[in-house]
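Topology and contacts: notes
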Amino acid sequence: MHTKKLLNNHYFCLPKKVHKMIYKLRVILDNEEDIFRDIAIESSDSLEDLHNALVNAFGFDGNEVASFYTCDDNWNQEDEIPLFDTGDVPGEMRIMSDFSIEDLLYEKQTKIIYVYDFLNMWTFLVELAAIEEKQVGVTYPELLFSHGLMPIGENNINFEADDDNLFSEFDDDLDEDDLDMFDGDDSFEDYGFEENWN
C-alpha cells in the first residue's frame, strides 16, 4: 500500500511506513577527487536533518543555502526541495522539513542530489546503499566512514567561455597522459563501496 504526497505539483507514490529503520547512505562529492562520506541516519528523519548531517560530515559552516533534488537513475536533476521557502506565495513551496528521508529514498528509488552553497555549487550524489534495523545504544545520525578532504577555497565552475580558447590557461599543466584519468565509464562500485562499511 502506498500513500501520495504532492511535490511541486507532482504526486509521488510513497511506500507505506512500517517502523523506523536505519538508512546507510553514501554521499559523493561531484568532483575530480575521490571524496565521499558514509552516513547512517534514521529513515524517519527529515531532509533538513539529513542536510544538517551532511553539513557536519563535510565540514561546512552551515551558513549557506542548500537544496535537495529528486533525480532519475542517471542522476538527471528533477524537482527541487529547498531549505527555505523562496516561493512567491508563502507556504506554497514544500521545503526540507516537510519531507522525511523515506518519503524520497526507498528500495526502488535510491538516488537524490544535494547542492550546498549556490555560489560555489558544491554538488553531492546521495545514494541509499542499505536499510538496516536500528542498533540499541547508537546515536544517529552517525558518520560511518570518511574518505578524502574537501578542496580548499572555492569550487571554481566556469559556465561561460570568455573566448574560443577556454582551456588556454591550462596548456602548460595538462597533457594527454593527464587526461587519460577521465577515460572509461566509472560506476558506483568503483568507490570500493562494500568494503568500507563498518
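Preceding block: the structure.
Residues numbered from 1 in each chain as written. Predicted model: local features only at pLDDT ≥ 70, side-chain atom pairs only at ≥ 80, totals over all residues. Heavy atoms only, no water.

With respect to the environment of glutamine 135
On the secondary structure map, glutamine 135 appears in the loop between strand S8 (122-132) and strand S9 (142-147). Here the alpha-carbon distance between glutamine 135 and methionine 21, two residues 114 residues apart in the chain, equals 9.6 Å. (Helix = DSSP H or I, 4+ residues; strand = E, 2+ residues; numbered from the N terminus.)

A word on helix H1 (residues 47-58)
With twelve residues, H1 extends 16 Å between its outermost C-alpha atoms, agreeing within 8% with the 16 Å of an ideal straight helix rising 1.5 Å per residue. Inspection of H1 places Leu47, Leu50, His51, Ala53, Leu54, Val55, Ala57 and Phe58 among the buried residues, and these make up the whole buried set. Just past H1, the residue glycine 59 takes up positive phi, approximately 80°. (Expected span 1.5 Å × (residues − 1). Buried < 20%, exposed > 50% of the residue type's maximum accessible area, 1.4 Å probe, protein only.)

A short note on unusual backbone geometry
Omega for the peptide link from tyrosine 140 to proline 141 comes to 0°, which places this bond in the cis form. The backbone of aspartate 117 sits at a positive phi, close to 70°, despite the residue not being glycine. With respect to the element layout, aspartate 117 can be found in the loop between strand S7 (111-116) and S8. A positive phi angle is found at methionine 121, which is not glycine, with a value near 55°. Within the fold, methionine 121 resides in the loop between S7 and S8.

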